[in-house]
There are 4 protein chains.
Amino acid sequence: MAGNSFGKLFNLTTFGESHGEAIGGIIDGCPAGLEIDLEAVQLEMQRRKPGQSKIVTQRKEEDDVTFLSGIFEGKTTGTPIGFVIENTNQKSKDYSHIKDIYRPSHADYTFDQKYGHRDYRGGGRSSARETAVRVAAGAIAKQLISNIKINAFVSSVGEIFIDKPYQDLDFSKIESNIIRCPDESSAAKMIAKVEEIKKAGDTIGGTITCVLQNVPVGLGEPVFDKLHAELGKAMLSINAVKGFEYGGGFCSAKMQGSEHNDLFNEDGSTKSNLSGGIQGGISNGMDIYFRVAFKPVATIIQKQEALDNQGNIVEMQGKGRHDPCVVPRAVPIVEAMAALVIADYWLQNKLSTL
Amino acid sequence: MAGNSFGKLFNLTTFGESHGEAIGGIIDGCPAGLEIDLEAVQLEMQRRKPGQSKIVTQRKEEDDVTFLSGIFEGKTTGTPIGFVIENTNQKSKDYSHIKDIYRPSHADYTFDQKYGHRDYRGGGRSSARETAVRVAAGAIAKQLISNIKINAFVSSVGEIFIDKPYQDLDFSKIESNIIRCPDESSAAKMIAKVEEIKKAGDTIGGTITCVLQNVPVGLGEPVFDKLHAELGKAMLSINAVKGFEYGGGFCSAKMQGSEHNDLFNEDGSTKSNLSGGIQGGISNGMDIYFRVAFKPVATIIQKQEALDNQGNIVEMQGKGRHDPCVVPRAVPIVEAMAALVIADYWLQNKLSTL
Amino acid sequence: MAGNSFGKLFNLTTFGESHGEAIGGIIDGCPAGLEIDLEAVQLEMQRRKPGQSKIVTQRKEEDDVTFLSGIFEGKTTGTPIGFVIENTNQKSKDYSHIKDIYRPSHADYTFDQKYGHRDYRGGGRSSARETAVRVAAGAIAKQLISNIKINAFVSSVGEIFIDKPYQDLDFSKIESNIIRCPDESSAAKMIAKVEEIKKAGDTIGGTITCVLQNVPVGLGEPVFDKLHAELGKAMLSINAVKGFEYGGGFCSAKMQGSEHNDLFNEDGSTKSNLSGGIQGGISNGMDIYFRVAFKPVATIIQKQEALDNQGNIVEMQGKGRHDPCVVPRAVPIVEAMAALVIADYWLQNKLSTL
Amino acid sequence: MAGNSFGKLFNLTTFGESHGEAIGGIIDGCPAGLEIDLEAVQLEMQRRKPGQSKIVTQRKEEDDVTFLSGIFEGKTTGTPIGFVIENTNQKSKDYSHIKDIYRPSHADYTFDQKYGHRDYRGGGRSSARETAVRVAAGAIAKQLISNIKINAFVSSVGEIFIDKPYQDLDFSKIESNIIRCPDESSAAKMIAKVEEIKKAGDTIGGTITCVLQNVPVGLGEPVFDKLHAELGKAMLSINAVKGFEYGGGFCSAKMQGSEHNDLFNEDGSTKSNLSGGIQGGISNGMDIYFRVAFKPVATIIQKQEALDNQGNIVEMQGKGRHDPCVVPRAVPIVEAMAALVIADYWLQNKLSTL
């Protein structure tokens, strides 16, 4: 397998399966001299960890990050930052019964076809447990670009959408409810919906909106590495993501140039921002905002047909402790991936001119 | 500027501004022994070139590709394939009048802020002329993965959408009309719409759908380099793209797991395909399909406010020969980028197992 | 700091300081299905570890490798192989007295100038302790390319050289003496020399020769990534290395073409092998051999002038448990780096042709 | 073929065979705003071009570089710099007689084995003609790091060595003779030797020494990308190179620590410089110097045995216009590769600290 690294200059490489001894990663390229707030890292881990509320999986996992290198006397040294997160909750279980079964819309079948030999315990490398490492690394990235404000929040669950522009929302309320939606009335409806879905043993999709504020002008490498292209890849690399749009997004495709163009103010800012803070792949100093679509979690607590590795259709009954809706726990993951992209492009931009 | 390379193993590096002497690229990593059909390359160039119909820009540019290396006696040698495309149409014009003006929703302002010094003639490096190189390289990629069928088509212009699933379309009709929409009645409406928009000196957005058929199981690198993540980045790197979704896309976010899961047939294929041919970032052998949103072209033939580099709002009148709607010419670009991704991942997958 | 990754397809990323909690690494790109012999890995660790004989440092460190991912039921899964090696011996010491002192010919001064903030305990990231991770990863690489025989040995210590071509040596004797020289009479002299040097509190340089046998024809990417160029970089990246030559090496520079050319046998092998098994950057199936020069260890147990960070020359007295001569412990490191290069190029070569 | 790119941030990708239409390259990552002296580029090309004196190949090739992008109004724009060099001298020749013959110590056999299909005309991609592109790119790199003085010179031809330390040489005399040796009496002997060898239809090896002065402290990425490791790879990637040593080099391997250590002066400079200006992989501000060994050119104008592709030993008679000794023309190539490394590491070092 390749592709376990992300970022050119602020580079994260990760390892780990859901049921191995530990997961972890190495950040290479973080400049020396950055003061690291380890509690802030742990706080991000809390936001992602299972068992944090009644509407997420009830698995218990502490997700404590142990940093092994690269930080000395409270500051980065410029050397690689290695860290591990133990898998404390998964050691005893017996997974041999699903060894030969491919669950629908999971990666079981494709992993087996691709690699021949796989760690079948709980999803292995394809488990969303892998994203814990991203959150840890993203928390370091956030500290590198601490002037930039990154706020992600749940903007829809199923058919329930926030019906306001993000400018009308108070981001300080995102963490005030368990669905992570800053619009309180929408939040209440979303939570009720997830509880209903959970009772039915079903799951439901949703979207996350992310807003980056105070981004300096000039981040982004035109052509293949446009800023929004890398943000898009970052988001699409998160488990269960099916779509990405920024600025006007899919709505832009319905519009005319005369209404879509963002006219300038004298200071270089723009009156409207359908560009989503990025023009020609480069940040223009306006808010960057984008929306990410998550499908419903594939594991449902209902009877379902599956395939075994002998080519038989078999009935299986989903069980265990799974998320009925992935979006509340995905909020810190979206932020982490955004932070990794911005940190990387912030470093890249240091080299644009003499 | 970094980021002028695309692909890990089938790697394309490009250069060139819209008004320099030539644009071009180098493909590094194409295996030796591939028979190259140069006419097929040129055919793709024709599909992208300006002046091909009444609804696209009337600029004339032949876009002949000259291969300088890497192909010998009709076959690739394994050495890098260097090629150039002359800029024949742009030599004489005087662009000094726009030297100091930032057009709205173009990359003028961001380039100037980022680099300080830019080639202001006709968009320079940010011009969509750059995509001609992608089409040439994509045409080579297509020959490497010739078993895989890649069909992109215009699925909407403004509010006019094809209202059928792609399975009901006849892809052989894509090239039968100038908008590149295989549904004839929709095509007629789209063409009429673009003509109307053009007359008004305005522009309009649209979407392109792309379908990849006969993709082998196993392409894609889980975690950061999921197949759809790289396809998404590839598409988002094309000028004017604002969004990407694959499989169920943004609709998946409204669905429940019990309706969204793709149940297996005994041969490993699936009854439905909301997964869009990719599970856990790896192709599962079903059709891969995705949709790409394009904003309306920023250059409109109307009076508009712009900013000059002294901070003054100035009125400008768009003129020249521009596309009223980018999607018909973007069809071969979408296919080219898809081919580059698939060729790269096809090579990567050769290394998955012993 | 960048540059903590090695290899394009068989890719190792490492972390860790000599006095942190642990060092470790991630191998990304090892194909699935490779049976892993963990004892063989540990055996390589023994060959490198401190305290193994009277002529190396008397520090005690077990250097047990713990694999955390990527290996399941005895075989690689294709997912990244994460591993850690605890630093057991270094926890209690007080290094504050050398915090402000730059030892001559160490990396203290350059690290401080470059990064501003460094882990000054025992060399930190610049310590040769880092090579333990290379040996662990190299041991996995060796198993991937198990048909290829890799033998490194000490070919000189100070002025004492083996005066025979490698073809006259019995590689099975390399491990039979503590200096790792297969020529017994030379070995005895070398050991005596190192003991004498050690008694004097001094250190001494040496060379290692490495021979790769049974390498298939075709490994190596011409132009920048010639096989010997990457081998050279790999060796020069090992602590204390000052030079690299392969085949005829520096002697070739004194010769004439008529005597230097390797004439062919009918089977494509060559009568002589001054090419060192590589022609045009590509292996030709003959033995690959090269020689690596190591300087004397900079830490000597004598009084010496050093610089403090206030610009004062101060006298320091080297103490502690250091290697009087680095070459015996560097033998497995040279082999490990050679294995990493060959494994990587073996994978790369799978993509040369259709 | 992979490996046609060099450098992480100041990145050169090249293409071209000796007998194709043109060779060329793309520099990606050169910062915007650098004034480019095109004459200085051409001057470097003159130093490398064939036919420049009686002791080099008498082929005539003008080697004019045409820049196609990335430079506007005399300065870099930050966009990729594409350039081509036409192959003017090689079009008419008939090479079909060597199509099936593998010349000894050339890359004919290994290319054919690796790729199956090769451009057999005059060495194709393995020809040293490829280095013309390196010289052009290196000339741009030199302008980026113009404060750093890079001087390479011929330090030996066969057994004739300059018997002085480089500090006693006047680098301004390097270009004063056709062998590019700043020591006039050595130069005379070397020239006489090459003329004698040429008359005999033979070839001879030699070494080049390169000195980098005024290098700032802090260039180099410890661990795998040590500054000297990348310099070593750069040099070993040049055709015909067999060895690389820096600072004390292979002599260091014979020395004791007490004599080898470079003691500090109060300003951080060192009294001696056996470290060769690099400690722990990072430049320390002292002169960086290294030596590169070149084998004798494989093409000799004598009868010699070769192998055909049917496995027959055949007699061949070398003919044509070849270099009797490669080192005078390799001097600018060594400098160019050194400049590419230093430019790249200079950019990398901008990211070491906040």
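Rules of the game
Residues numbered from 1 in each chain as written. Chains lettered and ligands numbered in written order. Predicted model: local features only at pLDDT ≥ 70, side-chain atom pairs only at ≥ 80, totals over all residues. Heavy atoms only, no water. Helix = DSSP H or I, 4+ residues; strand = E, 2+ residues; numbered from the N terminus. Rg over C-alpha atoms; globule rule 2.2 N^0.38 Å. Buried < 20%, exposed > 50% of the residue type's maximum accessible area, 1.4 Å probe, protein only. Contact = heavy atoms within 4.5 Å. Areas by Shrake-Rupley, 256 points an atom, 1.4 Å probe, with all protein chains shown as cover. Buried area = accessible area lost by both parts, 1.4 Å probe. Salt bridge = Lys/Arg side-chain N within 4 Å of Asp/Glu carboxyl O. Polar contact = N/O pair within 3.5 Å; in protein donor to acceptor, adjacent residues only side chain to side chain. Nonpolar A, V, L, I, M, F, W, Y, C, P; charged D, E, K, R; others polar. Axes fitted to C-alpha atoms, helices over the stretch in contact; angles between N-to-C directions. Parallel < 35°, antiparallel > 145°, perpendicular 65-115°, else oblique. Left-handed = near helix turned anticlockwise from the far one by under 90°. Pairing = 2+ DSSP bridges. Least-squares fit on C-alpha atoms with pLDDT ≥ 70 in both. Core = buried A, V, L, I, M, F, W, Y, C linked by side-chain atoms within 4.5 Å. Phe/Tyr/Trp six-rings, centres within 6.5 Å; stacked < 30°, edge-to-face > 60°. Expected span 1.5 Å × (residues − 1). Disulfide = S-S within 2.5 Å. pLDDT = per-residue confidence, 0-100.

**What about the overall build of chain A?**
Okay, so step 1: The number of helices and strands found in chain A is eight helices and 17 strands.
Okay, so step 2: Relative to the compact-globule value of 20 Å for 354 residues, chain A shows a C-alpha radius of gyration of 21 Å, a close match.
Okay, so step 3: Summarising its shape, the C-alpha atoms of chain A cover approximately 65 × 50 × 35 Å along the three principal directions.
Okay, so step 4: Looking at the 354 residues of chain A, the share that counts as buried comes to 69%.
Okay, so step 5: Counting only contacts in chain A whose residues sit at least 6 apart along the sequence, the fraction spanning at least 24 positions is 71%.
Okay, so step 6: When the accessible surface of chain A is totalled, it reaches about 11,000 Å², and 47% of it is carbon and sulfur.

**Considering the interface of chain C and chain D**
Okay, so step 1: With 108 residues of chain C at the contact, the number on the chain D side is 109 residues.
Okay, so step 2: At the boundary of chain C with chain D, total buried surface from both sides reaches about 8,100 Å², with 61% on carbon and sulfur atoms.
Okay, so step 3: Residue D:Lys114 is joined to C:Glu221 by a salt bridge in which the shortest nitrogen-to-oxygen separation is 3.2 Å.
Okay, so step 4: The interface formed by chain C and chain D includes 47 residue pairs in polar contact (both at pLDDT 80 or more).
Okay, so step 5: Of the residues in the side of chain C that touches chain D, the class split is 41 nonpolar, 43 polar and 24 charged.

**Some details on the packing of helix H3 (residues 131-144) of chain B against helix H8 (residues 327-349) of chain B**
All names here are of chain B.
Okay, so step 1: Running from N to C, H3 and H8 cross one another at 50°; their axes reach a closest spacing of 7 Å. By the angle class used here, H3 and H8 are oblique. When you trace H3 past H8, the crossing you get is left-handed. For the pair H3 and H8, the contacting residues are Thr131, Arg134, Val135, Ala137, Gly138, Ala141, Lys142 and Leu144 in the first and Pro332, Ile333, Glu335, Ala336, Met337, Ala339, Leu340, Ala343 and Trp346 in the second.
Okay, so step 2: Class assignment for the residues of the contact of H3 with H8 results in 12 nonpolar, two polar and three charged.

**A short note on the sheet that holds strand S9 (residues 149-157) of chain B**
Okay, so step 1: Sheet architecture is open: 10 strands sit in the order S10(A)-S9(A)-S11(A)-S15(A)-S12(A)-S12(B)-S15(B)-S11(B)-S9(B)-S10(B), paired in antiparallel fashion. A strand with exactly one partner marks an edge of an open sheet, and here the two such strands are strand S10 (160-161) of chain A together with strand S10 (160-161) of chain B.
Okay, so step 2: Pairing geometry for strand S11 (residues 206-213) of chain B and strand S15 (residues 288-294) of chain B, over seven bridges, is antiparallel. Within S15(B), the position partnered with B:Val211 by the bridge is B:Tyr289.
Okay, so step 3: Contacts from helix H4 (residues 184-199) of chain A reach strand S9 (149-157) and S10 of chain A, with the element oriented near 55° to S9(A).
Okay, so step 4: The strands touched by helix H5 (residues 227-236) of chain B within the sheet are strand S12 (241-246) of chain A together with strand S12 (241-246) and S15 of chain B, with S12(B) carrying the most contacts at an inclination of about 155°.

**What to know about the interface of chain C and chain B**
Okay, so step 1: Every contact between the two is made by 12 residues of chain C and, on the other side, 12 residues of chain B.
Okay, so step 2: Interface area, chain C with chain B, both sides summed: about 1,100 Å², of which 72% is carbon and sulfur.
Okay, so step 3: On the chain C side of the contact with chain B, C:Lys350, C:Leu351 and C:Leu354 bury the most area, a combined 52% of that side's loss.
Okay, so step 4: Inspection of the chain C/chain B interface yields zero salt bridges.
Okay, so step 5: Between the two partners, chain C and chain B, sit four residue pairs in polar contact (both at pLDDT 80 or more).

**Details of the sheet that holds strand S2 (residues 11-15) of chain B**
Picture the strands of a sheet paired through backbone hydrogen bonds; they go either parallel or antiparallel.
Residues and elements named next belong to chain B.
Okay, so step 1: Strand order in the open sheet formed by five strands is S1-S2-S3-S7-S4, with antiparallel pairing between adjacent strands. Among the strands making up the open sheet, the edge pair consists of strand S1 (5-6) and strand S4 (65-67).
Okay, so step 2: Together, S4 and strand S7 (81-86) form the strand contacts of helix H1 (residues 38-48), whose direction differs from that of S4 by roughly 150°.

**Some words on the relation of the copies chain C and chain D**
Okay, so step 1: Mapping chain C onto chain D calls for a rotation angle of 180° and an axial translation of 0.0 Å; the resulting RMSD is 0.0 Å. Such a combination of turn and shift is consistent with a two-fold rotation axis.
Okay, so step 2: A share of 100% of the interface residues of chain C reappears at the interface of chain D, consistent with the copies meeting face to face through the same patch.

**Digging into the nonpolar core**
Okay, so step 1: Grouped together as the largest cluster of nonpolar side chains are 364 residues, with contacts concentrated most on A:Phe290, B:Phe290, C:Phe290 and D:Phe290.
Okay, so step 2: Residues within four places of C:Phe290 in sequence aside, it is in contact with C:Ile208, C:Thr209, C:Cys210, C:Leu212, C:Leu231, C:Met235, C:Phe244, C:Glu245, C:Tyr246, C:Val334 and C:Ala338.

**A few points about the environment of A:Gly243**
Okay, so step 1: Within the secondary structure layout, A:Gly243 lies in strand S12.
Okay, so step 2: On a C-alpha basis, the gap between A:Gly243 and A:Pro328 in space is 17 Å, while along the polypeptide they are 85 residues apart.

**Some thoughts on the environment of A:Glu230**
Okay, so step 1: Locating A:Glu230 in the fold gives a position in helix H5 (residues 227-236).
Okay, so step 2: A:Glu230 sits 223 residues away from A:Gly7 along the chain, and the two C-alpha atoms are 9.2 Å apart.
Okay, so step 3: Once residues lying within four places of it in the same chain are set aside, the contact partners of A:Glu230 are A:Phe6, A:Val341, A:Tyr345 and B:Lys233.

**Focus on the packing of aromatic side chains**
Okay, so step 1: As enumerated under the stated definition, the model contains 42 aromatic pairs over all chains in all.
Okay, so step 2: Ring centres of D:Phe67 and D:Phe83 lie 5.7 Å apart, and the angle between their planes is 50°; on these two criteria the pair is classed as tilted. Of this pair, D:Phe67 sits in strand S4 (residues 65-67) while D:Phe83 sits in strand S7 (residues 81-86), and the two are 16 residues apart along the sequence. As far as burial versus exposure is concerned, D:Phe67 and D:Phe83 are alike and both buried.
Okay, so step 3: In this structure an aromatic cluster arises from ring pairing among A:Phe153, A:Tyr166, A:Phe171 and A:Tyr289.

**Considerations on the relation of the copies chain C and chain B**
Okay, so step 1: Expressed as a screw operation, the relation of chain C to chain B combines 0.0 Å of axial shift with a rotation of 180°, fitting to an RMSD of 0.0 Å.
Okay, so step 2: A shared interface surface links the copies, since 100% of the contact residues of chain C are contact residues in chain B too.

**Observations concerning unusual backbone geometry**
Residue and element names in this part refer to chain D.
Okay, so step 1: Of note in this structure, aspartate 63 is not a glycine but carries a positive phi near 55°.
Okay, so step 2: For aspartate 63, the position within the fold is in the loop between helix H1 (38-48) and S4.
Okay, so step 3: A relative accessible area of 2% means that aspartate 63 is categorised as buried.
Okay, so step 4: Positive phi values are uncommon outside glycine, yet serine 105 reaches one of about 60°.
Okay, so step 5: Of note, serine 105 is situated in the loop between strand S8 (101-102) and helix H2 (108-115).

**Considerations on the pairing of strand S15 (residues 288-294) of chain A**
Residues and elements named next belong to chain A.
Okay, so step 1: Summarising burial for S15: six of the seven residues are buried, a large majority.
Okay, so step 2: Here S12 runs beside S15; their pairing, made up of five bridges, is antiparallel. From the neighbouring strand, tyrosine 246 faces S15, where its bridge partner is phenylalanine 290.

**Some words on the pattern of salt bridges**
All names here are of chain B.
Okay, so step 1: Throughout the structure, instances matching the rule amount to 100 salt bridges over all chains.
Okay, so step 2: As a salt-bridge pair, lysine 8 and aspartate 225 come within 2.8 Å of each other at their nearest N and O atoms. Residue lysine 8 is found in the loop between S1 and S2, and its partner aspartate 225 is found in the loop between S11 and H5; the two are separated by 217 residues along the sequence.
Okay, so step 3: Owing to a relative accessible area of 49%, lysine 8 belongs among the partly exposed residues under this scheme.

**Thoughts on the packing of H5(B) against H8(B)**
Any two packed helices are characterised by how steeply their axes cross, that is the angle between the axes, and by the distance between the axes.
Residues and elements named next belong to chain B.
Okay, so step 1: Interhelical geometry of H5 versus H8 gives an angle of 145° and a closest axis separation of 9 Å. For H5 against H8, the interelement crossing comes out right-handed. Residues Leu227, Glu230, Leu231, Ala234 and Met235 of H5 form the contact with H8, whose participating residues are Val334, Met337, Ala338, Val341, Ile342 and Tyr345.
Okay, so step 2: Of the residues contributing to the contact of H5 with H8, the split by class is 10 nonpolar, no polar and one charged.

**So, helix H3 (residues 131-144) of chain D**
Okay, so step 1: Here H3(D) is 14 residues long and its end C-alpha atoms lie 20 Å apart, about the 20 Å a rise of 1.5 Å per residue gives.
Okay, so step 2: Counting buried residues in H3(D) gives 14 out of 14 residues, a clear majority hidden from the surface.

**What to know about the state of the cysteines**
Okay, so step 1: Enumeration over the complete set of coordinates arrives at zero disulfides over all chains.
Okay, so step 2: Here A:Cys181 is not disulfide-linked; the sulfur of A:Cys325 is the nearest cysteine sulfur, at 12 Å.
Okay, so step 3: The cysteine C:Cys210 is free of any disulfide, with C:Cys181 supplying the nearest cysteine sulfur at 15 Å.

**Side note on the confidence of the model for chain A**
Okay, so step 1: Mean pLDDT over chain A works out to 95, with 98% of the residues at or above the 70 mark.
Okay, so step 2: Listed scores for the predicted complex are pTM 0.98 and ipTM 0.98.

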